[in-house]
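What follows is each chain in one-letter form.
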Amino acid sequence: MVNENAQQQFKLHLPGLLTILSENLYTTRKVAIRELLQNAHDSTVRRRVEMREPDYTPRITLRIDQEIGWLTVRDNGFGLNREEIEEYLATIGRSYTREMRDDPSLSWLEDATSLIGQFGLGFLSAFLLASDVIVTSCQMQPDGKPGQTFRFTCANDGHYVVTPVDQGEIGTVVALKVKPEAAYILQEPTLVAAVRQYADFLPVSIFIEGDPAPVNSLTPPWEQADVHSATLDYIRREYKLEPLFVLFLEDANVDLGHDQMVVPLRGFLFIPPSSVASLHEYGDVRVFVRRMFITDRHKTLLPPWARFVQGVIECPDLELTASREDLHENDTLLFVQQAIEMQLLAGLNHLAKTNRTIWQQIVRGHSDVIIGWAIKDNEFFDHVRDIVTFRTSRGRLTLPEYLQSTDKTLYYVTRENGTLQEEVLAESHDIPVIDAKWFSVEPFLRKYAELNHNITVVQVDGEAEYFMRPVSSEPYKHLLAYYQARGIRVQVKAFKPSSMPGIMLYPPDVEFLQETRQALDSGEFPDPIANMVEGYISRRNVSEEDLRGTLSLNASCPLIDQLSEQSTFSNSHTATLDIVYQFARLFAGRTLNSADAVGAYQEIIDGLEALLS
Amino acid sequence: MSVWDWVMIQRIAISNSGDDARIAMDERFRSAFKFMDEDPDMALDLLSQSRLIAQELDEKWWVQLSNHWELQTLLFYKRDYNHVLEKAVKAAVEVRKPEYENFPQRICLHEDLIYSYLESDPIGYSEQIRSAIEYMESQVTPDLECRFCVSGLKTHFTILTGDIDLALDLALKYVEQSEHEDHYLSSAYIYLCAIAFARQDWQKMKDWALAGEVVSRRRNRENNLVEMLTCNAVATRCLGDEKEALRLCQAATQRAAGYGARLGARYYQMLAAYHELGGDLKKACQVRDRQLHEIEGTARHFVECQCRLEIVRLRKALGLPFEDAADGVRTAAKRLKEPSYILKQLESYLDHDV
């Protein structure tokens, strides 16, 4: 009889679980190379610390047998005995290296921290690449001689066989029968790239059989004698760029409030020559844990404002997810973030004070990104406010440089199209205009003005009249009457440059208003939505006439002055007036569809023909 | 296909493409949601970045997707309506084009347009809003998540226009409809609480506030949770448990203090009611003053009028000068299409004991 209250144990469907762990845990098949190399590395560490052989040189060798589709990883480490094969290799979730690292009684604790294994899952990743795996291992005995060799054979179905075999060399050989879909790993360049990606800094030489030189560089740049040169070489090789600045990281004391803790940290941060906000930002680091590559372009370790920074870090305290392709977002990660932010801020502060030239190059190269973050971070804003550069109608300028020519006013445009005429008007008053189309520029300018009370901010687009001076219309009444008779709304003002006879002025958003009116007129909205759209448009109080724009004749222009002297107009006069109007429409470039543009050109041609005849 | 199905399909394609610009576009969009409750300005920044990248890439549907969420952030998190109507109309004008015919968020953009009227002047535009909701209903198919939004919109509108019996019927149907959709269920309980408050059915109000609290916690809807706790405090006080009511009120105000976005009008309405029901009109008035301070400059005209009306009523009841406050109501009402609804209430407060 079944006891309904009895405690039951979950059942495992081993083949299903194996499939998940071996095939779905990782994002790429190549990660199997990392896991196999890490196991081999840990075995050599064990031999080094347990046997203390003075002449021992750890070594890992990879061999490709392309014609039969096998890949072999051989190490000359400590090897496994039968019991260890059963306990660790064939037991999922049990990790020999983690148990060693976590055992405080171990006499070689210091060395154990360099062991990499953690979850006891890594061996399963072999099945990402292989349909069958054969492990042959011979453990070193206390007297230094080889013990019995065992062969462990398994497929990805949850079954394995361990058998004693003829005597082999001390160490372990893992042979993989590579699946057809993973055959690319049997291409030597692919295999070498994977080794370099994952194990470049492992302190054991990794060879491709037949090649006398190791594939990996063994020592990270921050452990080389000439750290500076090695780091620059690394950045040039790996990132293909010349950094503006490099900051070397070191162990850092992090304040916990009640206590302090030391975060072990190595590596470097660097600033590339330039970035483009949203499209080509950085703010990421390459992460190594115990010299094994974990992830590229990790985004959360750097502070959010540091989108112009990249780096490479090594921190043994960071905890990894089971796939070991990412970091756990826990307290340790927060401490490491703090340690990095502290050092980055201190480094940038120091740089800003001691090397103005480089600091300015950084701010110029990354101005979009820096402007975006400065509006959110007051301290950062203070650091960059006077050295960040803006695109202006006179090239890139800092705000202090810009303000030298505008008498304490910041003039800017925000519209995507059709601001050229405002820029021309501003320039003719000797005023450069700041391009504030990028969303963060306007708030930056306003914040700057808020903190400098004597500075004002003026938006120029849609405000062309700001640059115009009123004049009496009386001397121009015939000109005005001519245009009015053609149904053209017209006014006369004085403005610079005097070579410009007239410009067109439109209400803000004229293109949108025009499109909406047309859509409403042609019934393109369902009635209930049309009512709401109409409600908004009527609130804007813009007439059809407004939408066609207002021609603003320039009283400062000699041509207009000359035309105004006529009380009646000859054909050549009317041709000239028509050309003035059509040029103004084309120069404004707004609300014209292709038919309008063709019509405008036609009228100009007609006018020119009339003048020639 | 629902909009989130479409987003997921896009996301997989973007991830497979390895295209940096599109990955950045999606990353900004995705990150924005983390900030809506704690820092709506940051959420708006991220959404506008996503939209700008989408514009550069000519990803028109994505531009409108970001637009919709910018509008939602302005409407329900930042609660700043200064540019909401303009933005909603521009989006509606854009999505009328044939290339958006199958865009699943097209209806949501119509919803944003309706909300932009509903939240700023529901009485003045009641006919336009009513017919637009009916149109939305006719467009929603069972596979679209918009069916929940339409129910919520209709219930909210019916409460605002004062048909409480119909609102109750709609809110109960909304609860039934969103039984397995906590995001919407949480809002449905908010409406039920508002209806129970209007009917002074304190036991129902408490039951619905408790149910809503559970759902809001489960779904991490912090703004709704604060409102539920405040509603529960009001109901509990009316049911006579002062100690528990105080605990609930403190829990609500503490959470409100830590909330980074702006809370809705209902929070202030309930908090002021809590104090008034306890006889502390001075505190009720302080709550309304605080609300007014938060509303000013946000173009929430109808809410501002209601808040100013309450200040007049409370000041009069406290024996404080109220003429300036009454002028404030008159000035604010001028921004409404149909100010008489507010002005009549003002006159009744001024003419009678309150």
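Higher on the page you've got the structure.
Residues numbered from 1 in each chain as written. Chains lettered and ligands numbered in written order. Predicted model: local features only at pLDDT ≥ 70, side-chain atom pairs only at ≥ 80, totals over all residues. Heavy atoms only, no water.

> Describe the packing of helix 10 (residues 182-199) of chain B against helix 14 (residues 265-277) of chain B, with residues and values.
Residue and element names in this part refer to chain B. Running from amino to carboxyl end, helix 10 crosses helix 14 at an angle of 40°, the nearest separation of the two axes being 12 Å. One finds that helix 10 runs oblique with respect to helix 14. Crossing hand, helix 10 versus helix 14: left-handed. Note on element contacts: helix 14 touches helix 10 through Arg266, Gln269, Met270 and Ala273, opposite Ile190, Tyr191, Ala194 and Phe197. A breakdown of the residues in the contact of helix 10 with helix 14 according to their chemical character gives six nonpolar, one polar and one charged. (Axes fitted to C-alpha atoms, helices over the stretch in contact; angles between N-to-C directions. Helix = DSSP H or I, 4+ residues; strand = E, 2+ residues; numbered from the N terminus. Parallel < 35°, antiparallel > 145°, perpendicular 65-115°, else oblique. Left-handed = near helix turned anticlockwise from the far one by under 90°. Contact = heavy atoms within 4.5 Å. Nonpolar A, V, L, I, M, F, W, Y, C, P; charged D, E, K, R; others polar.)

> How would you explain the interface of chain A and chain B if you had to name every residue and give the values?
Taken together, the contact pairs 27 residues of chain A with 30 residues of chain B. Buried surface at the junction of chain A and chain B, both sides included, amounts to about 2,600 Å², of which 66% is carbon and sulfur. Our count for the contact surface shared by chain A and chain B stands at four salt bridges. Of the charged contacts, one joins lysine 97 of chain B and glutamate 515 of chain A as a salt bridge, the two residues approaching to 3.4 Å between their closest N and O atoms. For the interface between chain A and chain B, the tally reads seven residue pairs in polar contact (both at pLDDT 80 or more). (Buried area = accessible area lost by both parts, 1.4 Å probe. Salt bridge = Lys/Arg side-chain N within 4 Å of Asp/Glu carboxyl O. Polar contact = N/O pair within 3.5 Å; in protein donor to acceptor, adjacent residues only side chain to side chain.)

> So what's going on with the pairing of strand 13 (residues 292-298) of chain A? Residues and values would help.
Residue and element names in this part refer to chain A. Burial analysis of strand 13 places five of its seven residues in the buried class, the great majority of the element. Here four bridges tie strand 12 (residues 284-289) to strand 13, and the two strands are oriented antiparallel to one another. Note on strand 13: the bridge partner recorded for valine 289 is methionine 292. Counted along the chain from strand 12 to the antiparallel partner strand 13, the turn is two residues long, and its residue arginine 290 has a positive phi close to 50°. (Buried < 20%, exposed > 50% of the residue type's maximum accessible area, 1.4 Å probe, protein only. Pairing = 2+ DSSP bridges.)

> Residue-level account of unusual backbone geometry, with values.
Residue and element names in this part refer to chain A. Cis geometry is found at the peptide bond from lysine 496 to proline 497, where omega equals 0°. Relative to the helices and strands, proline 497 resides in the loop between strand 21 (490-494) and strand 22 (502-505). The residue asparagine 541 is not glycine, and still its phi comes out positive at about 55°. Secondary-structure assignment places asparagine 541 in the loop between helix 18 (527-540) and helix 19 (544-548).

> Run through the sheet that holds strand 11 (residues 266-271) of chain A, naming residues and quoting values.
All names here are of chain A. Taken together, five strands build an open sheet; the order of strands is 8-11-14-12-13 and the sheet is mixed. This sheet does not close on itself; its edge strands, each paired only once, are strand 8 (245-248) and strand 13. Between one strand axis and the next, the sheet turns through 15° on average, direction left out of account.

> Give a detailed account of the pattern of salt bridges, specifying residues and quantitative values.
A full pass over the atoms with the stated rule returns 61 salt bridges over all chains. The partner of aspartate 26 of chain B in a salt bridge is arginine 11 of chain B, and the shortest N-O contact between them spans 3.0 Å. Of the two residues, aspartate 26 of chain B is situated in helix 2 (residues 20-35) and arginine 11 of chain B in helix 1 (residues 3-17); the sequence distance between them amounts to 15 residues. For the pair aspartate 26 of chain B and arginine 11 of chain B, one class covers both residues: buried. Here arginine 335 of chain B makes a salt bridge to glutamate 304 of chain B, at a shortest N to O gap of 3.4 Å. Note that arginine 335 of chain B is positioned in the loop between helix 17 (323-333) and helix 18 (340-351) and glutamate 304 of chain B in helix 16 (residues 301-318), a separation of 31 residues in sequence. Because the salt bridges share partners, they merge into one network encompassing Glu515 and Glu524 of chain A together with Glu94, Arg96 and Lys97 of chain B.

> Which residues make up the side chain of glutamine 64 of chain B, and what values do they have?
Residue and element names in this part refer to chain B. Relative to the helices and strands, glutamine 64 is located in helix 4 (residues 60-78). Classification of glutamine 64 as buried rests on a relative accessible area of 4%. Within the structure, the side chain of glutamine 64 is placed 3.2 Å from the side chain of asparagine 67, a separation counted as a polar contact. Not counting residues up to four positions away in its chain, the partners in contact with glutamine 64 are Ala91, Glu94, Val95, Tyr100, Phe103 and Leu109.

> Can you break down the side chain of histidine 110 of chain B residue by residue, with the values?
Within the secondary structure, histidine 110 of chain B is located in helix 6 (residues 106-118). In this structure histidine 110 of chain B comes out as buried when scored by relative accessible area, which is 6%. When neighbours within four sequence positions are excluded, histidine 110 of chain B is seen to be in contact with Ile529 of chain A together with Ala92, Val95 and Tyr135 of chain B.

> How would you explain the environment of isoleucine 579 of chain A if you had to name every residue and give the values?
Within the element layout of this structure, isoleucine 579 of chain A appears in helix 21 (residues 571-588). On a C-alpha basis, the gap between isoleucine 579 of chain A and arginine 391 of chain A in space is 34 Å, while along the polypeptide they are 188 residues apart.

> Give a detailed account of the sheet that holds strand 21 of chain A, specifying residues and quantitative values.
All names here are of chain A. Reading across from one edge, 20-21-23-22 is the order of the four strands in this open sheet, with mixed pairing throughout. If you trace the sheet from one side to the other, it starts and ends with strand 20 (469-470) and strand 22, each paired once. Where strand 20 meets strand 21, two bridges bridge the pair, whose relative direction is antiparallel. Bridging from a neighbouring strand, proline 470 pairs with lysine 493 of strand 21. Lying over the sheet, helix 16 (residues 477-485) contacts strand 21 and strand 23 (550-554), oriented at roughly 145° with respect to strand 21. Sitting on the sheet, helix 21 touches strand 22 and strand 23, and the angle it makes with strand 22 is about 55°.

> Go over the packing of aromatic side chains, please, and point to the residues and values.
Taken as a whole, this structure holds 39 aromatic pairs over all chains when the rule is applied. Seen from their ring centres, phenylalanine 381 of chain A and phenylalanine 444 of chain A are 4.7 Å apart, and the 50° between their planes marks the pair as tilted. Of this pair, phenylalanine 381 of chain A sits in helix 12 (residues 378-384) while phenylalanine 444 of chain A sits in helix 15 (residues 441-451), and the two are 63 residues apart along the sequence. Here the two residues phenylalanine 381 of chain A and phenylalanine 444 of chain A agree in accessibility, since each one is buried. Each ring, one from phenylalanine 29 of chain B and one from phenylalanine 33 of chain B, has its centre 5.2 Å from the other, and the planes form 75°; the classification is edge-to-face. Of this pair, phenylalanine 29 of chain B and phenylalanine 33 of chain B both sit in helix 2, separated by four residues, roughly a single helical turn. We classify phenylalanine 33 of chain B as partly exposed; its relative accessible area is 31%. (Phe/Tyr/Trp six-rings, centres within 6.5 Å; stacked < 30°, edge-to-face > 60°.)

By themselves these figures say nothing about function.
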